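Survey of secondary and tertiary structure
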Amino acid sequence: MQKTFKNEKILFAEPLFQCDGLAGFTRSELYENAIHRTLRINQLKKEHNWTQEDFDIAIRCLNYEVGFVIHLSMFIPAIERLATDDQKAKWLPLAESYRILGTYAQTELGHGTNLMALETTATFDPRTDEFVLRTPQLSSMKWWPGSLGKTATHAIVLAQLIIGNKNYGMNPFMVQLRSLEDHMPLPGIIVGDIGAKLGANSNDNGFLILNDVRIPRENMLARNSKVTKDGRYIQTSTNKANYATMVLVRLSIIRWAEDTIKNGSLIAIRYSAVRRQSSLQAGGPEMQVLDYQTQQYKIFPSLAASYALFFTYEAMMKEYEIAYAQIMRGNNQLLGQIHGQLSGLKAFASDLVTYELEMCRRSCGGHGYLKASVVGETLLHTLPLVTVEGDNTVMYLQCARYLLKQIAKALAGQDVDEPTSYLKKDILSYTCPVQKGEHCTNPNYLLKIYTQRAHSAIASVARQLQFDLESGKDQSSAFNNNLVSLVQAAKAHCQLCLMKNFVESVSALERTCSENLASVLRQLCLYFGLHGIVTASGEFLESEAIGLQQLEWIKAEELKSLAAIRPNAVALVDAFDLHDQTVMSALGRYDGNAYQHLFEAAKREPMNQTQVPPAYYKYLRDLIKGQPLAKL
Ligand SMILES: CCCCCCCC/C=C\CCC/C=C/C(=O)SCCNC(=O)CCNC(=O)[C@H](O)C(C)(C)COP(=O)(O)OP(=O)(O)OC[C@H]1O[C@@H](n2cnc3c(N)ncnc32)[C@H](O)[C@@H]1OP(=O)(O)O
Ligand SMILES: Cc1cc2nc3c(=O)[nH]c(=O)nc-3n(C[C@H](O)[C@H](O)[C@H](O)COP(=O)(O)OP(=O)(O)OC[C@H]3O[C@@H](n4cnc5c(N)ncnc54)[C@H](O)[C@@H]3O)c2cc1C
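Fair warning: this is a prediction, and the values are worked out from it, not measured in the lab. (Residues numbered from 1 in each chain as written. Chains lettered and ligands numbered in written order. Predicted model: local features only at pLDDT ≥ 70, side-chain atom pairs only at ≥ 80, totals over all residues. Heavy atoms only, no water.)

Re the UniProt feature "domain: Acyl-CoA oxidase C-alpha1" (unreviewed entry) in the chain
The condition that has to hold: UniProt positions are given in the numbering used here, feature names are shortened, and annotations may be inferred rather than shown by experiment. Counting from the N terminus, the helices are DSSP H or I runs at least four residues long and the strands are E runs at least two residues long.
Sequence positions flagged by UniProt for "domain: Acyl-CoA oxidase C-alpha1" (unreviewed entry) are, in local numbering, residues 243-404. Measuring from the first to the last C-alpha atom of residues 243-404 gives 21 Å, for a span that is 72% helix and 0% strand.

Focus: the packing of aromatic side chains
Heads up, the condition is: Only rings of Phe, Tyr and Trp enter the pairing, Trp through its six-membered ring, and a pair is recorded when the two centres are within 6.5 Å. The plane angle decides the type: under 30 degrees is stacked, over 60 is edge-to-face, the rest tilted. Burial here depends on accessible area, computed with a 1.4 Å probe over protein chains only, as a share of the maximum for the residue type. Under 20% is buried, over 50% is exposed, and the range in between is partly exposed. A positively charged side chain is recorded as over a ring if its NZ (Lys) or CZ (Arg) lies within 6 Å of the ring centre. The angle to the ring normal must also be within 35 degrees.
Following the criterion strictly, the structure yields 13 aromatic pairs and no others. For the pair Tyr307 and Phe576, a centre-to-centre distance of 5.6 Å together with 45 degrees between the ring planes defines the contact as tilted. Residue Tyr307 is located in helix α7 (residues 293-328), and its partner Phe576 is located in the loop between α17 (569-574) and α18 (580-583); the two are separated by 269 residues in the primary sequence. Each member of the pair Tyr307 and Phe576 is classed as buried. For the pair Tyr616 and Tyr617, a centre-to-centre distance of 5.2 Å together with 85 degrees between the ring planes defines the contact as edge-to-face. For Tyr616, a relative accessible area of 22% translates into the label partly exposed. Judged by its relative accessible area of 46%, Tyr617 is partly exposed. Within the aromatic cluster, the residues linked to one another by ring pairs are Phe310, Phe311, Phe502 and Phe528. The ring centre of Phe55 lies 5.8 Å from the NZ or CZ of Lys45, which sits over that ring.

Remarks on the site of ligand 2
So the rule is basically this: Working definition: residue near molecule or strand if any one of its non-hydrogen atoms lies within 4 Å of it. Pairing of N or O atoms within 3.5 Å defines a polar contact, subject to two protein rules: one partner must be a possible hydrogen donor and the other a possible acceptor, and residues neighboring in sequence count only if both atoms are side-chain atoms. Here the Shrake-Rupley method, with its probe set to 1.4 Å, supplies the accessible areas, and only the displayed protein chains count as covering residues. Annotation comment: domain bounds sourced from an automatic or database domain assignment.
Taken together, 19 residues lie around ligand 2, and Tyr104, Thr107, Thr113, Gly146 and Asp391 are the ones closest in. In this structure, Thr113 approaches ligand 2 through a side-chain N or O atom, which is 2.5 Å from an oxygen atom. Within the complex, the protein chains bury 64% of what would otherwise be the 970 Å² of accessible surface of ligand 2. Per-domain counts for the shell around ligand 2 show at least three residues from each of domain 2 (99-236) and domain 3 (245-572).

Notes on unusual backbone geometry
In this structure, Asp212 is a non-glycine residue whose phi angle is positive, near 50 degrees. Positionally, Asp212 belongs in the loop between β8 (206-210) and β9 (213-216). The exposure class assigned to Asp212 is partly exposed, which follows from its relative accessible area of 45%. Of note, the phi angle at Ser278 is positive, near 65 degrees, even though the residue is not glycine.

What about the side chain of Glu356?
Stated formally: Think of it this way: Lys and Arg go in the positive column, Asp and Glu in the negative one, and His and the chain ends go nowhere. A pair is scored as a salt bridge if a Lys or Arg side-chain nitrogen falls within 4 Å of a carboxyl oxygen belonging to Asp or Glu. Should any heavy atoms of two residues lie within 4.5 Å, those residues are considered in contact.
The topology assignment puts Glu356 in helix α8 (residues 335-362). No salt bridge is formed by the buried Glu356, whose closest oppositely charged neighbour, Arg362, lies at an N-O distance of 10 Å. Once you skip the residues sitting within four places of it in the chain, Glu356 turns out to touch Ile261, Lys298, Pro301 and Ser302.

Remarks on the UniProt feature "binding site: FAD" (unreviewed entry) in the chain
UniProt annotation of "binding site: FAD" (unreviewed entry) refers to Thr107 and Gly146 when read in the numbering used here. Of the residues just listed, which span 40 residues, no C-alpha pair is farther apart than 10.6 Å, and they cluster in one region. On the secondary structure map, Thr107 appears in the loop between β1 (102-105) and β2 (121-125). Residues in contact with Thr107, not counting those within four places in the same chain, are Gly112, Met141, Lys142, Trp143, Trp144 and Pro145. With respect to the helices and strands, the residue Gly146 is situated in the loop between β4 (142-143) and β5 (154-163). Gly146 gets classed as buried once you look at its relative accessible area, which sits at 5%. The residues touching Gly146, leaving out its near neighbours within four places in the chain, are Ile70, Thr103, Asn203, Asp204 and Asn205.

Structural notes on the site of ligand 1
Close contacts around ligand 1 come from 31 residues, with Thr113, Lys240, Tyr243, Arg250 and Lys405 the closest. The side chain of His339 places a nitrogen or oxygen atom 3.4 Å from a nitrogen atom of ligand 1. A distance of 2.9 Å separates an oxygen atom of ligand 1 from a polar atom in the backbone of Glu389. Across the complex, the protein chains shield 82% of the 1,300 Å² of accessible surface that ligand 1 would expose by itself. Secondary-structure elements contributing two or more residues to the shell around ligand 1 are α3 (52-61), α4 (69-82), α6 (244-274), α8 and α10 (392-411). Counting residues per element, the shell around ligand 1 draws most heavily on α6, which supplies seven residues.

What follows is the structure, given as structure tokens:
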């Protein structure tokens, strides 16, 4: 599942990367530890000639609990995508050698989603051949960018470009924030950390106020548009190309989601295999809770989602690489497709894993509420994924906007993109492939059902929009009147994508792997498909992709699937090949000694380093001895 990290032993031999001790760290300690880790991984990379992929896998092995995440995942990719060749030659060597440390400063206190309304300005001053960057008001200050608070020496600031009295929209500007001599903020720069978050507190997300900060004209990243010395704005590519960095990060978030749900399902399944509680026969032996159908119903979706997201990430990486290669050659033909696909899939993947991680946590009973189980911490660290790189609702709507364009092309008899080729089919010619109970065991039949449901959802909302427009609603009112259905259509398309990638990937694997492995993967793929229909049965019925009889067969087959997966459940999470130090959970250790590891973790609890707590001497002693308490 995860390319086995041949350097795991090297990494986890060092105390710095042993995660037991992170509990109880203060924010400053977490922050410092994260920086220390990234720089040490960099040293290991040089010492052992690791590849960039090894470096990335090392960071994933540490659950991204490292420093400079934005520098690595956004600042450098943004230079690669938004800078001219000369600008790349200047800035990339500095960034790649950590001589400058960067962030991607787009979101403001008052705006995150609506990029068109960003308030930070960059006004061209032809007299000095400079841009003057300003934070006009409180709501304009940059707010949230990772590493901005205490680390970044530079930021790619997204600002409204003003020339004369004309606004040329959002453009990217390289701005130095701190001195490279003493790290102090430069004149006109006010920066700081925005405060503690629910999770990811090793990251110094920050705020930035720009008070008439001057930068040379050459600091506008000018791959897609530039300003000449005499103040002319020249657009060399679509402004949408300035959004390219976000597309890449949305792809990375799908893999982040895959990594977190693998951790969650591994913890839940391994713990459920060792936890014995209650018995079915009076006086009989206590059962492994993994044998309760309800426990399987709770956690096998996370197991199936782990594999589904793995296959979808692999497929989308290939799709992205093709699109990116074309875009970097100036051909933006695939930009709309990759944006629409990754907007929706980032939202669907992060929604899916945050829901399933909570189910994994609940399945661990009381111990799921201990930090030492880690499944709760994993959820906290995953929660931002439904917001970062675009709030999920807004991302679904971007995907829906893409789907509406595609179905309009399909209905006009024009070519459509491969991911939406199903919209060319005649929706009325569909017949449900499941005509007998045993048909439910065919993933390809299920795929046809998913396809019809997605097609129907998109066609339905397109018709409703058309009806609203013809009834006299203006474009934005008609759109707002159908947002819920648009999100529903985008989700239907994304769920189809996951199912399609799962079915096609297993089918491809069957040609090379053993029949035993093929049958296990087929079973999991089948379960993923059945469960998806059951959990959204209303939409599948509404679209007439299935009828009540089919739903009855599918629900029965889903429950049978649980029993079929049970014998392989532990092996399927072991196949993730995750080191105990990656999972970090006392409940999910490979040796299965959950109680021993829980007790070891409790003994490490700082409060247990003394037998008598300080509070005893302050408050309890007199109380217990019946002596009057001093005024508190
Ligand atoms: C090695 C270690 C690394 C580890 C890896 C870790 C991975 C990193 C994971 C987590 C880190 C995350 C840190 C967080 C970073 C951030 O959050 S950065 C800020 C992100 N902000 C957003 O995403 C803002 C969301 N809003 C938007 O994208 C836009 O405002 C919009 C909602 C899309 C609306 O766009 P716009 O205002 O322009 O208006 P529209 O009319 O909707 O769109 C106009 C046309 O542009 C097309 N479009 C829009 N966005 C994109 C895009 N991103 N790419 C391509 N094209 C885009 C849109 O389709 C319209 O086109 P059309 O006119 O042809 O239809
Ligand atoms: C941990 C973390 C790290 C981050 N790192 C960075 C970073 O490095 N750089 C950076 O620039 N930003 C960063 N961000 C900011 C992030 O990109 C924004 O928070 C995100 O884009 C959402 O925007 P918002 O916060 O303005 O939410 P809003 O858009 O204000 O969302 C609030 C509500 O309004 C709804 N809504 C908004 N617009 C619409 C619409 N058009 N239609 C329907 N509903 C709508 C949303 O669905 C949501 O329910 C980070 C955020 C977090 C939490």
